[in-house]
2 protein chains.
Amino acid sequence: MKRLATTDPGFEAAFQALLDEARDTTAKVDAAVAGIIQSIQAEGDAALLDLTRRFDRWSPADAAALRVTEAEIEQATAGIPADQRDALALAAQRIEAFHAAQLPRDIALDDGAGIATGMRWGAIDAVGLYVPGGKAAYPSSVLMNALPARVAGVQRIAMCVPTPDGVLNPLVLAAARLAGVSEIWRVGGAQAVAALAWGTASIAPVDRIVGPGNAYVAEAKRQAFGRVGIDSIAGPSEVVILADGLNDADHVALDLLAQAEHDEAAQSILITDEPAFADAVVAAVERALETLPRAAIASASWRAHGAVIVVESWDQAVALTNRLAPEHLQIMVEDPRALFARIRHAGAAFLGRHCPEALGDYVAGPNHVLPTGRTARFASGLSVFDFLKRTTWVEASAAGIAAIGPAAVVLAKAEGLTAHGLSVAARLTKQDNRP
Amino acid sequence: MKRLATTDPGFEAAFQALLDEARDTTAKVDAAVAGIIQSIQAEGDAALLDLTRRFDRWSPADAAALRVTEAEIEQATAGIPADQRDALALAAQRIEAFHAAQLPRDIALDDGAGIATGMRWGAIDAVGLYVPGGKAAYPSSVLMNALPARVAGVQRIAMCVPTPDGVLNPLVLAAARLAGVSEIWRVGGAQAVAALAWGTASIAPVDRIVGPGNAYVAEAKRQAFGRVGIDSIAGPSEVVILADGLNDADHVALDLLAQAEHDEAAQSILITDEPAFADAVVAAVERALETLPRAAIASASWRAHGAVIVVESWDQAVALTNRLAPEHLQIMVEDPRALFARIRHAGAAFLGRHCPEALGDYVAGPNHVLPTGRTARFASGLSVFDFLKRTTWVEASAAGIAAIGPAAVVLAKAEGLTAHGLSVAARLTKQDNRP
């Protein structure tokens with residue numbers, strides 16, 4: 001964990017080193033994944049069954065056994081405690097409401113001289129959702145990936161979740177039902193991605209694949225890209241917390257550790273204008289680590305990648321934050337909206353002293369799938385826009401092509417694309433062909 | 001060129017073969033490109049100058065010589081004929097107006113119980129625009145790539161255009177000026193992409209790179225992805241034309257050839273319900289090829305990839321079009337809007353008998369950078385959305401976290417993320433922690 005202060009002579013170099021830190025260690029699995037993809041393309045369901053038996057250590061009798069049935073979903077969800085069921089329902093309702101508000105409108109223009117133009121949004125037909133499996137399967141991840149697709153109007157959402165040793169988290173099934181998932185397949189890894197992208201006899205192909213996964217899943221998505229659309233390949237998670245000295249140091253420590261407990265490669269950064277508060281938070285982190293179940297992961301992350309930066313002013317903090325372009329940004333100061341207005345790059349922001357990122361991870365409404373590794377400079381969180389596409393259109397009357405056609409003919413000629421020019425000129429009367 | 005009819009016994013197999021046709025032949029240049037990228041990273045401007053001398057066959061004295069000066073732009077644009085200047089200005093004005101209409105709005109919600117949420121759009125800081133060089137440099141491409149960025153509010157647009165043998169199309173410079181490009185660099189190939197992505201002493205790095213290029217440029221973008229955002233890798237162009245027998249066969253032939261003249265790998269498909277009209281168009285294509293300057297390219301494309309499909313009904317035509325998911329779609333029937341309403345996947349549509357795709361390529365307003373190779377199933381044309389990103393936000397009061405915090409605590413516990421739960425629970429009063 002690095003302690004930095006903008007008053008240090010070596011601050012700029014140290015901060016640049018922080019920016020350049022590579023936390024993402026991607027294993028080289030491209031050859032292995034190419035082989036798996038080839039098997040699925042060549043042998044379809046047979047390969048899917050074989051790989052599932054090998055990697056997930058259970059024996060589906062046939063392809064039909066790979067599909068989770070309605071009865072199984074019913075049975076699994078019946079056993080869920082009421083508080084979990086209610087919490088999931090609240091989360092689903094809030095996430096759905098937020099994403100419904102994101103829905104964009106079609107546009108239509110008319111230049112009054114014979115040319116109408118417009119832009120129309122339409123949902124992707126079929127989407128594949130990858131959900132990591134076993135005990136660590138996250139129902140919140142199912143809601144966050146599937147609900148925007150449902151809200152956008154996607155008709156078919158095919159979910160793949162591996163069930164190592166036959167284990168399948170019932171909350172994942174409950175979340176899938178709440179989110180309107182159409183099919184659930186007990187398959188994982190690169191083979192699941194390949195099945196979704198190329199299709200097998202049992203699993204019809206989709207048009208886009210979203211959802212987090214391990215290095216094999218990420219590489220399979222990369223290789224499938226172009227045949228299907230994919231979301232971005234998420235890197236290790238990160239949070240930047242801007243906090244003044246009036247906050248509760250224990251709260252801020254927990255916010256930093258909530259990030260750190262995800263992964264040894266996660267990054268938690270505190271920026272404050274109060275050196276004594278920085279000290280208090282660092283001490284609070286050590287105290288909290290003593291009793292945290294995931295302390296091994298959290299402390300590895302905190303020690304390797306954590307940082308506490310003391311600034312002289314919030315102007316400095318804003319500048320540093322814009323360079324960090326963090327995935328998550330908590331702003332815990334007197335007037336958080338004023339600071340937020342000056343932030344140019346962040347995946348998601350959490351404003352005020354009562355707004356830990358975990359509220360957004362689970363229930364607030366906005367999506368928790370966000371751009372990592374400084375990609376917030378150019379990328380955004382998951383949204384309905386990931387499940388919609390646009391078709392633009394032009395409608396020209398004879399008067400319209402008479403008005404703008406000659407300019408097109410001139411430009412086509414300048415670019416040497418003769419047939420382009422002729423296709424316009426042929427439709428112009430002799431009067432229109434003004435030299 | 002294939003003649004198909006839905007009444008043929010073998011139609012489905014023949015149509016599926018058409019769908020599966022691979023027209024995109026990507027050379028394997030990844031090793032060469034990796035080497036170029038490494039040179040730029042290691043030697044910056046020196047490598048840029050060296051590669052420019054080698055590949056573009058002219059000798060910049062130093063890095064400053066790579067930048068096109070204001071004086072050079074003035075001089076080049078002064079010599080442009082008035083009709084070209086006016087045509088370019090009309091195109092720029094119409095493209096800008098259309099893209100301004102695309103701009104989305106921020107959203108803000110308040111649940112009335114202490115939680116406010118919202119979504120804010122912000123422009124990417126800096127964008128790199130790649131423009132292929134030499135005589136074949138297309139000013140329309142400059143307008144279509146740069147104007148949406150300017151309209152979206154991007155502050156810095158850095159354009160790279162190679163100048164083989166020192167040649168630089170003055171119309172390209174004029175288009176760059178109209179579109180508000182900030183800098184123009186005489187560099188191309190993978191080295192230009194590398195310079196834009198990693199930066200050199202002279203060229204500050206950007207956050208996203210757009211614009212078409214050859215296999216080296218495409219591969220460099222792929223390798224730069226993650227450090228910067230990129231647009232999609234465009235494949236060979238394609239058009240589907242739905243036309244009844246009341247159209248002028250010569251017009252339709254020119255529309256098909258306007259596509260075919262782009263590239264031997266381009267694809268032009270006519271779908272009609274009138275066999276005699278199909279014959280007339282095929283004959284008209286042969287006649288037009290006799291005098292077309294780019295006949296070699298156009299006829300290679302038409303013979304290898306062209307298709308004329310006779311259907312029994314427009315219902316069939318709609319179904320086939322949705323499976324093709326074409327980049328460009330012309331609808332030349334009595335009521336084009338009615339058919340268009342049933343089309344699920346297309347990059348851009350052109351409605352009516354007076355609306356050739358070339359109008360959209362140059363002047364109508366919507367973008368001509370569109371999804372190819374059936375990617376219109378999940379992708380869209382270039383737009384302001386390519387230059388904007390979203391930051392979502394949550395603001396919670398003490399009452400707000402009291403209302404929804406307990407649900408987050410329950411879900412965090414179910415997912416085994418203890419610090420997540422604690423970061424919320426710590427902010428709840430004893431009253432809030434209802435079991």
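Residues numbered from 1 in each chain as written. Chains lettered and ligands numbered in written order. Predicted model: local features only at pLDDT ≥ 70, side-chain atom pairs only at ≥ 80, totals over all residues. Heavy atoms only, no water.

- As annotated in an unreviewed UniProt entry, chain A is Histidinol dehydrogenase from Falsiroseomonas algicola.
- The annotation that UniProt attaches to chain A under Catalytic activity (unreviewed entry) is "L-histidinol + 2 NAD(+) + H2O = L-histidine + 2 NADH + 3 H(+)".
- Recorded in UniProt under Pathway (unreviewed entry), the annotation for chain A is "Amino-acid biosynthesis; L-histidine biosynthesis; L-histidine from 5-phospho-alpha-D-ribose 1-diphosphate: step 9/9." (UniProt positions renumbered as here; feature names shortened; annotations may be inferred.)

### Remarks on the overall build of chain A
Consideration 1: Secondary structure summary: chain A contains 17 helices and 14 strands in total.
Consideration 2: With the principal axes as the frame, chain A shows a C-alpha extent of 85 × 65 × 45 Å.
Consideration 3: When the 435 residues of chain A are sorted by exposure, 60% land in the buried category.
Consideration 4: A total accessible area of about 15,900 Å² is found for chain A, and carbon and sulfur atoms account for 54% of it.
Consideration 5: Across chain A, 37 positive and 50 negative side-chain charges occur, with their mean positions spaced 7 Å apart. (Helix = DSSP H or I, 4+ residues; strand = E, 2+ residues; numbered from the N terminus. Buried < 20%, exposed > 50% of the residue type's maximum accessible area, 1.4 Å probe, protein only. Areas by Shrake-Rupley, 256 points an atom, 1.4 Å probe, with all protein chains shown as cover. Lys, Arg positive; Asp, Glu negative; His and termini not counted. Charge placed at Lys NZ, Arg CZ, Asp CG, Glu CD.)

### A word on the interface of chain B and chain A
Consideration 1: Each partner contributes residues to the interface: chain B has 111 residues there, and chain A has 111 residues.
Consideration 2: For the pair chain B and chain A, the two sides together bury roughly 9,800 Å², of which 61% comes from carbon and sulfur.
Consideration 3: Together, B:Y362, B:F378 and B:R427 form the three largest contributors to the area buried by chain B at its contact with chain A, with a combined 8%.
Consideration 4: Counting every contact that joins chain B to chain A gives 10 salt bridges.
Consideration 5: Applying the counting criterion to the chain B and chain A interface returns 60 residue pairs in polar contact (both at pLDDT 80 or more). (Contact = heavy atoms within 4.5 Å. Buried area = accessible area lost by both parts, 1.4 Å probe. Salt bridge = Lys/Arg side-chain N within 4 Å of Asp/Glu carboxyl O. Polar contact = N/O pair within 3.5 Å; in protein donor to acceptor, adjacent residues only side chain to side chain.)

### Things to note about the confidence of the model for chain A
Consideration 1: A residue-level look at chain A finds 98% of positions with pLDDT of 70 or above and a mean pLDDT of 94.
Consideration 2: Across the interfaces of the predicted complex, the ipTM metric reaches 0.95, alongside a pTM of 0.94. (pLDDT = per-residue confidence, 0-100.)

### Side note on the nonpolar core
Consideration 1: A:M159 and B:M159 are the most contacted members of the largest nonpolar core, which has 140 residues in total.
Consideration 2: Those residues in contact with B:M159, other than ones at most four positions away along the chain, are B:L129, B:V131, B:V142, B:V172, B:A176, B:V181, B:E183, B:I184 and B:W185. (Core = buried A, V, L, I, M, F, W, Y, C linked by side-chain atoms within 4.5 Å.)

### Details of the UniProt feature "active site" (unreviewed entry) in chain A
Residue and element names in this part refer to chain A.
Consideration 1: UniProt annotation of "active site" (unreviewed entry) refers to E327 and H328 when read in the numbering used here.
Consideration 2: Following the sequence through the fold, E327 ends up in the loop between α13 (314–324) and β12 (328–332).
Consideration 3: A polar side-chain atom of H328 sits 2.8 Å from the main-chain carbonyl oxygen of E238.

### Remarks on the pairing of strand β3 (residues 115–123) of chain B
Consideration 1: With respect to burial, β3(B) is a largely interior element, 8 of its 9 residues being buried.
Consideration 2: Connecting the antiparallel pair strand β2 (residues 107–110) of chain B and β3(B) is a turn made up of 4 residues, with B:G112 showing a positive phi of about 70°. (Pairing = 2+ DSSP bridges.)

### Here's the deal with the packing of aromatic side chains
Consideration 1: All told, the structure shown has 7 aromatic pairs over all chains when counted by the stated rule.
Consideration 2: When the ring of A:W121 is compared with that of A:F385, the centres are 5.6 Å apart and the planes differ by 70°; the resulting orientation is edge-to-face. Of this pair, A:W121 sits in strand β3 (residues 115–123) while A:F385 sits in the loop between α15 (357–362) and β14 (388–396), placing them 264 residues apart in sequence.
Consideration 3: Residue A:W121 is classed as buried on the basis of its relative accessible area, which comes to 13%.
Consideration 4: An aromatic cluster is defined as three or more aromatic residues linked by ring pairs; in this entry it consists of A:W121, A:F385, B:W121 and B:F385.
Consideration 5: A cation over a ring is seen here: B:R120 above A:F340, with NZ or CZ 3.9 Å from the ring centre. (Phe/Tyr/Trp six-rings, centres within 6.5 Å; stacked < 30°, edge-to-face > 60°. Lys NZ or Arg CZ within 6 Å of the ring centre and 35° of its normal.)

### Structural notes on the UniProt feature "binding site: substrate" (unreviewed entry) in chain A
Residues and elements named next belong to chain A.
Consideration 1: Taking the UniProt record as the reference, the feature "binding site: substrate" (unreviewed entry) is found at S237, Q259, H262, H328, D361, E415 and H420. Taken along the chain, the residues just named run across 184 residues; in space they spread out, the farthest C-alpha pair reaching 55.6 Å.
Consideration 2: For S237, the position within the fold is in the loop between β8 (229–230) and β9 (238–243).
Consideration 3: Those residues in contact with S237 that lie beyond four places of it in its chain are R23, Q259, A265, A266, Q267, E327, H328 and T372.
Consideration 4: Leaving out residues up to four positions away in the same chain, Q259 has contacts with S237, E238, V239, A266, Q267, S268, H328 and E357.

### A word on the sheet that holds strand β1 (residues 2–5) of chain B
Consideration 1: Taken together, 9 strands build an open sheet; the order of strands is β2(A)-β3(A)-β14(A)-β13(B)-β12(B)-β9(B)-β10(B)-β11(B)-β1(B) and the sheet is mixed. Each end of this open sheet is capped by a strand with a single partner; those strands are β2 (107–110) of chain A together with β1 of chain B. The mean angle between the axes of side-by-side strands here comes to 15°, regardless of whether they run parallel or antiparallel.
Consideration 2: Bridge analysis of β2(A) against β3(A) gives 4 bridges, and the strand direction is antiparallel. Looking across to β3(A), one finds that A:I107 is bridged to A:M119. (Axes fitted to C-alpha atoms, helices over the stretch in contact; angles between N-to-C directions.)

### Examining the relation of the copies chain B and chain A
Consideration 1: With an RMSD of 0.0 Å, the operation that places chain B on chain A is a rotation of 180° combined with a shift of 0.0 Å along the axis. Taken together, the rotation and translation describe the operation of a two-fold axis. Residue B:P104 of chain B places its C-alpha closer to the rotation axis than any other residue of that unit, at 3.8 Å.
Consideration 2: Here 100% of the interface residues in chain B have copies in chain A that are interface residues too; the copies meet face to matching face. (Least-squares fit on C-alpha atoms with pLDDT ≥ 70 in both.)

### Notes on the side chain of B:S301
Consideration 1: Checked against the element boundaries, B:S301 lands in helix α12 (residues 295–305).
Consideration 2: In this structure, B:S301 is in contact with B:A260, B:D263, B:E264, B:A266, B:Q267 and B:G306, ignoring residues within four places of it in sequence.

### Some thoughts on the pattern of salt bridges
Consideration 1: If you walk through the whole model with that rule in mind, you get 48 salt bridges over all chains.
Consideration 2: For A:E238, the salt bridge identified is with A:R23, shortest N-O distance 2.7 Å. Here A:E238, found in strand β9, pairs with A:R23, found in the loop between α1 (11–20) and α2 (30–43); they are 215 residues apart in sequence, far enough to count as distant. Residue A:E238 shares its accessibility class with A:R23, and that shared class is buried.
Consideration 3: Two residues, B:E70 and B:R177, come together in a salt bridge whose shortest N-O distance is 2.6 Å. Of this pair, B:E70 sits in helix α4 (residues 70–78) while B:R177 sits in helix α7 (residues 170–178); the two residues are 107 residues apart in sequence, bridging distant segments of the chain.
Consideration 4: Classification of B:R177 by relative accessible area gives partly exposed; the value is 35%.
Consideration 5: Overlapping salt bridges bring together A:E70, A:E74 and A:R177 as one network.

### Structural notes on the sheet that holds β12(A)
Consideration 1: Strand order in the open sheet formed by 9 strands is β1(A)-β11(A)-β10(A)-β9(A)-β12(A)-β13(A)-β14(B)-β3(B)-β2(B), with mixed pairing between adjacent strands. Lying at the two open borders of the sheet, with one neighbouring strand each, are β1 (2–5) of chain A together with β2 of chain B. The mean inter-strand angle of the sheet, taken between neighbouring strand axes irrespective of direction, is 15°.
Consideration 2: Note that strand β10 (residues 267–272) of chain A and strand β11 (residues 307–310) of chain A share 4 bridges and pair parallel. Counterpart to A:T272 in the pairing with β11(A) is A:V310.
Consideration 3: Of the strands in this sheet, β9, β10 and β12 of chain A are in contact with helix α10 (residues 249–260) of chain A, which crosses β10(A) at around 155°.

### Considering the domain arrangement of chain A
Residue and element names in this part refer to chain A.
Consideration 1: By domain assignment, chain A separates into domain 1 (2–25 + 235–365), domain 2 (29–104 + 124–232) and domain 3 (398–434).
Consideration 2: The C-alpha-based centres of domain 1 and domain 2 are spaced at 32 Å.
Consideration 3: Note on domain 1 versus domain 2: buried area summed over both sides is about 590 Å², and carbon and sulfur give 53% of it.
Consideration 4: Broken down residue by residue, the surface that domain 1 buries against domain 2 is led by Y362, V363 and G365, which jointly contribute 70%.
Consideration 5: Seen at the junction of domain 1 and domain 2, the total is 0 salt bridges.
Consideration 6: The tally of links between domain 1 and domain 2 comes to 2 residue pairs in polar contact (both at pLDDT 80 or more).
Consideration 7: Broken down by class, the residue content of the side of domain 1 that touches domain 2 amounts to 3 nonpolar, 2 polar and 2 charged. (Domains from an automatic or database assignment. Nonpolar A, V, L, I, M, F, W, Y, C, P; charged D, E, K, R; others polar.)

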